[in-house]
Amino acid sequence: VQLQASGGGLVQAGGSLRLSCAASGSISSINIMGWYRQAPGKQRELVASITSRSSTNYADSVKGRFTISRNNAKNTMYLQMDSLKPEDTAVYYCNARVFRSGYGYWYWGQGTQVTVSS
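Computed from a prediction, not measured in an experiment: that's the story for all the values here. For every chain, the first residue of its written sequence is number 1, and the numbers climb from 1 along that sequence. For this predicted model, a pLDDT threshold of at least 70 governs which residues receive local features, and a threshold of 80 or more governs which side-chain atom pairs are given and counted, while totals over whole chains, interfaces and linings are taken from all residues. Computation of side-chain values covers all heavy atoms of the structure but excludes hydrogens and water.

Trainee: So, the side chain of Arg65: which residues are in play, and what are the values?
Mentor: Relative to the assigned elements, Arg65 resides in the loop between strand S6 (56–58) and strand S7 (66–71). Only protein chains enter the accessibility calculation, which uses a 1.4 Å probe; a residue whose area is less than 20% of its type maximum is buried, one above 50% is exposed, and one in between is partly exposed. Overall, Arg65 belongs to the buried group, its relative accessible area being 11%. Polar contacts here mean pairs of N or O atoms no more than 3.5 Å apart (in protein, one a potential hydrogen donor and the other a potential acceptor; neighbouring residues in sequence count only if both atoms are side-chain atoms). At 3.0 Å, the side chain of Arg65 and the backbone oxygen of Ser83 are in polar contact. We call two residues contacting when some pair of their heavy atoms lies within 4.5 Å. Ignoring sequence-local partners within four residues, the contact set of Arg65 consists of Gln80, Met81, Asp82, Ser83, Leu84, Lys85 and Asp88. In this text, helices come from DSSP runs of H or I with a minimum length of four residues, and strands from runs of E with a minimum of two, each type numbered from the N-terminal end.

Trainee: Hey, could you go over the environment of Tyr36 for me, with residue numbers and the actual values?
Mentor: Among the secondary structure elements, Tyr36 is positioned in strand S4 (residues 29–38). In sequence terms Tyr36 and Tyr93 are 57 residues apart; their C-alpha atoms lie 5.1 Å from each other. Not counting the four nearest positions on each side in its chain, Tyr36 is found in contact with Arg44, Glu45, Leu46, Val47, Val91, Tyr92, Tyr93, Asn95 and Trp108.

Trainee: Can you break down the state of the cysteines residue by residue, with the values?
Mentor: Only a pair of cysteine sulfur atoms within 2.5 Å qualifies as a disulfide here. A full pass over the atoms with the stated rule returns 1 disulfide. With a sulfur-sulfur separation of 2.2 Å, Cys21 is cross-linked through a disulfide to Cys94. Torsion about the S-S bond of the Cys21 and Cys94 cystine: about 65°, corresponding to right-handed handedness. Taken together, the positions of Cys21 in strand S3 (residues 17–24) and Cys94 in strand S9 (residues 90–100) put the pair 73 residues apart, joining distant regions of the chain.

Trainee: Quick rundown of the environment of Thr51? Include the residues and the values.
Mentor: With respect to the helices, strands and loops of the structure, Thr51 is situated in the loop between strand S5 (45–50) and S6. The class of Thr51 is partly exposed, set by a relative accessible area of 23%. Remark: the alpha-carbon pair of Thr51 and Gly14, spanning 37 residues in sequence, is separated by 28 Å. In contact with Thr51, other than residues within four places in its own chain, are Asn31, Ile32 and Arg70.

Structure representation (structure tokens):
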């Protein structure tokens, strides 16, 4: 199973970006998916998560600005990031709990850089 994250880039403060994370491989189903980020010198933190029934959870710092969604048929998750701030600059990683043959396994994507200039 592989998670491929894409969509990062350089944007000015106040701008928008849309991240995508596509899961591929031997997948029965995907339970929870999430976006994490890690800024230089800081610990990795949860940004947002979404269950297979589209129940969502957001970090306080991104509530009202970021929107997480997923397409279960395509095993793909998205993160729409609006009103970006310089403090959103980080490497963004996607994460998913994938069920294969009745067992759940956690997987990480490779990360995509988001840089917000002031």
